[in-house]
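A structural walkthrough
The residues making up each chain are set out below.
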Amino acid sequence: VRCAAAAAVLGVPWRVCRRHFGACPSPPPPSQSHCRLGLWMPAYSALVSGGAVRPPRATCLLLASFAAGSGLWLLVGSQKEEQPDVASPRTQRSARSAAQLAKWFRWQAVLASEAAAHTASPGKGSLALWGDSITESWRGTSYGTPAGRANGTPAVLAQTLARRWPSPAVLAISGDQTQHLLWRLGDGGELPPPLASDGALTAVVMIGTNNLGAGHLPGPTAEGVLAVAREYLRRSRGRLLLCALLPRGHTAARDTAARNLDAGAASNLGSTSAGRRRGRAAPAPLPAALRPQRCAVPLLHARGGEGQPAAA
């Protein structure tokens, strides 16, 4: 294989392959003994002419880099596109880098542990907030690391929702899309049996804006939002409040996409069998103060503190 790769891709003569890579099978036809793809390098002139010169170190490094890059390309290319309504953890398709992908899995494991350890306050029930970076801002973090843009936001949570539901569970990961939350509720372990069996549990879900940002259309994204709602209602005995998306930007196209997604999800939420049978699901429309004509882009993430209005 090494002989064939060197001969076909980099133009290394077959006799040089035999000498430097070990024994090879019988040589290929003459027409294939050198590279025909125009990937010649000056360093190979000595190899072609003499056949006795060892490949320079730079050439070996080039071969190694080429092999590694080709392997990564094949790995990413072989993965299927993520679908908004099909459960999937974060993959190379939706992660900006390998480091971010590793951070996602580490943080998701922390959230699963917190969900397993969460207990309701006697007589007050439980509150769980699932979502992406907008929801994770309630923790003041991004992937579990303190985020400057969310300074003061945990204090706002403590002064508002936490007064009604002590110690609310904030289970959110920056950048997540509907398919990721769908996976987290199931295989990810963020809705464990003790939490799912709590009839006093109230779940607040805001998800889908990153699907639009990744290029998914409003229709498929709305199906992903509904898939999350159905999964939660199927697995749990609690109630669900499904939040409308915050405006994505100043352009009409982005705001229209978000509104179309909200309208599609809201109109179909009541048709889910679990929601219709138990009456446990309700959409939360966007408040007038946060409608596109009155909302700037920085309000996309909740903020707290002096001079920083809370957007949720």
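Scroll up to find the structure this text is about.
Report on the accompanying structure.

Reading the values: rules and limits
- Residues numbered from 1 in each chain as written.
- Predicted model: local features only at pLDDT ≥ 70, side-chain atom pairs only at ≥ 80, totals over all residues.
- Heavy atoms only, no water.
- Helix = DSSP H or I, 4+ residues; strand = E, 2+ residues; numbered from the N terminus.
- Axes fitted to C-alpha atoms, helices over the stretch in contact; angles between N-to-C directions.
- Parallel < 35°, antiparallel > 145°, perpendicular 65-115°, else oblique.
- Left-handed = near helix turned anticlockwise from the far one by under 90°.
- Contact = heavy atoms within 4.5 Å.
- Nonpolar A, V, L, I, M, F, W, Y, C, P; charged D, E, K, R; others polar.
- Expected span 1.5 Å × (residues − 1).
- Buried < 20%, exposed > 50% of the residue type's maximum accessible area, 1.4 Å probe, protein only.

1. Considering unusual backbone geometry
Of note, the phi angle at Tyr 143 is positive, near 55°, even though the residue is not glycine. In this fold, Tyr 143 is placed in the loop between β2 (141–142) and β3 (145–146). Notably, Ser 167 is not glycine yet its phi reads approximately 55°, a positive angle. For Ser 167, the position within the fold is in the loop between α8 (161–164) and β4 (169–172).

2. Points about the packing of helix α5 (residues 98–117) against helix α9 (residues 178–185)
Packing of α5 against α9 brings their axes to within 11 Å, and their N-to-C directions diverge by 45°. One element, α5, and the other, α9, form an angle in the oblique class. Handedness of the crossing formed by α5 with α9: right-handed. Here α5 contributes Trp 104, Gln 108 and Leu 111 to the contact with α9, which in turn contributes His 180, Trp 183 and Arg 184. The residue makeup of the contact of α5 with α9, split by class, is three nonpolar, two polar and one charged.

3. Remarks on helix α12 (residues 218–235)
In a regular helix each residue adds 1.5 Å, so 18 residues correspond to 26 Å; α12 covers 26 Å between its end C-alpha atoms and thus fits that length. Buried within α12 we find Thr 221, Ala 222, Gly 224, Val 225, Leu 226, Ala 227, Val 228, Ala 229, Glu 231, Tyr 232 and Leu 233.

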